[in-house]
Amino acid sequence: MKIIKKILLSIVFLIIVIYLIKSLNPRVKNLSPKEVLNIDVFYETRCPDSADFLMQIGQLRPKIFKYLNINFKPFGKASYTWDEDNKKWNFHCQHGAQECYGNTIHNCLISQKPKFEDHFPFLACTMENLMISFENAANACAKKYLINYEELKSCANSNKGNQLLYQAGEITNNLVPKLNYVPWINLNGIHTNEVQQLAEANLTYLICSKLKDLNYYCSKNNSLNLNSKLSIILNLLILTLCHILSHC
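These numbers come from a predicted model, not from an experiment. (Residues numbered from 1 in each chain as written. Predicted model: local features only at pLDDT ≥ 70, side-chain atom pairs only at ≥ 80, totals over all residues. Heavy atoms only, no water.)

It is worth spelling out the pattern of salt bridges at this point. When the charged atoms of two side chains lie near each other, side chains of opposite charge can form a pair. The full count for this structure, using the stated rule, is 3 salt bridges. Lys153 is the partner of Glu135 in a salt bridge, and the nearest nitrogen-oxygen pair spans 3.8 Å. A residue pair is termed long-range when its members are at least 10 positions apart, and Glu135 in helix H5 (residues 134–144) and Lys153 in helix H6 (residues 149–156) qualify at 18 residues. Classification of Glu135 by relative accessible area gives partly exposed; the value is 27%. A cluster of three or more residues bridged by salt bridges with shared partners is formed by Glu135, Glu150 and Lys153. (Salt bridge = Lys/Arg side-chain N within 4 Å of Asp/Glu carboxyl O. Helix = DSSP H or I, 4+ residues; strand = E, 2+ residues; numbered from the N terminus. Buried < 20%, exposed > 50% of the residue type's maximum accessible area, 1.4 Å probe, protein only.)

Set out below in structure tokens:
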């Protein structure tokens, strides 16, 4: 009877060891395409709240980005009218002409480099310090990320840049519900007050609440949770060994 008991306890011991190993090497399960989050960000290049939100995106853990599809639309609360004489659109932006120029530069870069990892660093960089002019910020950021700023300026001052900003405006103005705040956040094409508030308050929490399998990478208290788990498992191991060896 004692032999059977020791065999059973040995099996329990092995199960706990396996669980411990898995705890020390957590894996993120493969998510199906339906579980990839599409986040649309409608923003303005000289808006402090927009700058704060892009900073939040930059602070996300790198492993999370493979489960996100983040799209940027620089336009915000701007308006536009058609200039028949010059055959182009005239824009009026919430934070002045400098913002219209910044929005156009951002649209040009997104058009030239559509991959998130190729345009986001520059976008965020130009909005890190709104106290300096957009032109100075963009020049410095272009050098930092090896972007041809002369090419961007050429785009911004051309018919293409004018059309890109107009197209961003059309998409923004056709949002349902209507944009009345910047940054305006859509999640999988849907805007709600809950999504907006959570995204601005804690983007990481919002993403984790939608993609449960990413909790390991998202949780701010992950190290504490893991240590607590290890403590419990180690105590169980000690108790199990004691019973197997009949020393406790």
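With that settled, the discussion passes to the side chain of Asn162. Position of Asn162 among the secondary structure elements: in helix H7 (residues 159–173). A polar contact is formed between the side chain of Asn162 and the backbone oxygen of Trp89, at a distance of 2.9 Å. Ignoring sequence-local partners within four residues, the contact set of Asn162 consists of Lys88, Trp89 and Phe91. (Polar contact = N/O pair within 3.5 Å; in protein donor to acceptor, adjacent residues only side chain to side chain. Contact = heavy atoms within 4.5 Å.)

Right, let's get into the state of the cysteines. Enumeration according to the criterion identifies 3 disulfides in this entry. The disulfide partner of Cys108 is Cys155, and the S-S distance across this bridge is 2.1 Å. Judged by the sign of its S-S torsion, about -85°, the bond between Cys108 and Cys155 is left-handed. With Cys108 in helix H3 (residues 97–112) and Cys155 in helix H6, the pair connects residues that are 47 residues apart, well separated along the chain. For the pair formed by Cys108 and Cys155, the shared burial category is buried. (Disulfide = S-S within 2.5 Å.)

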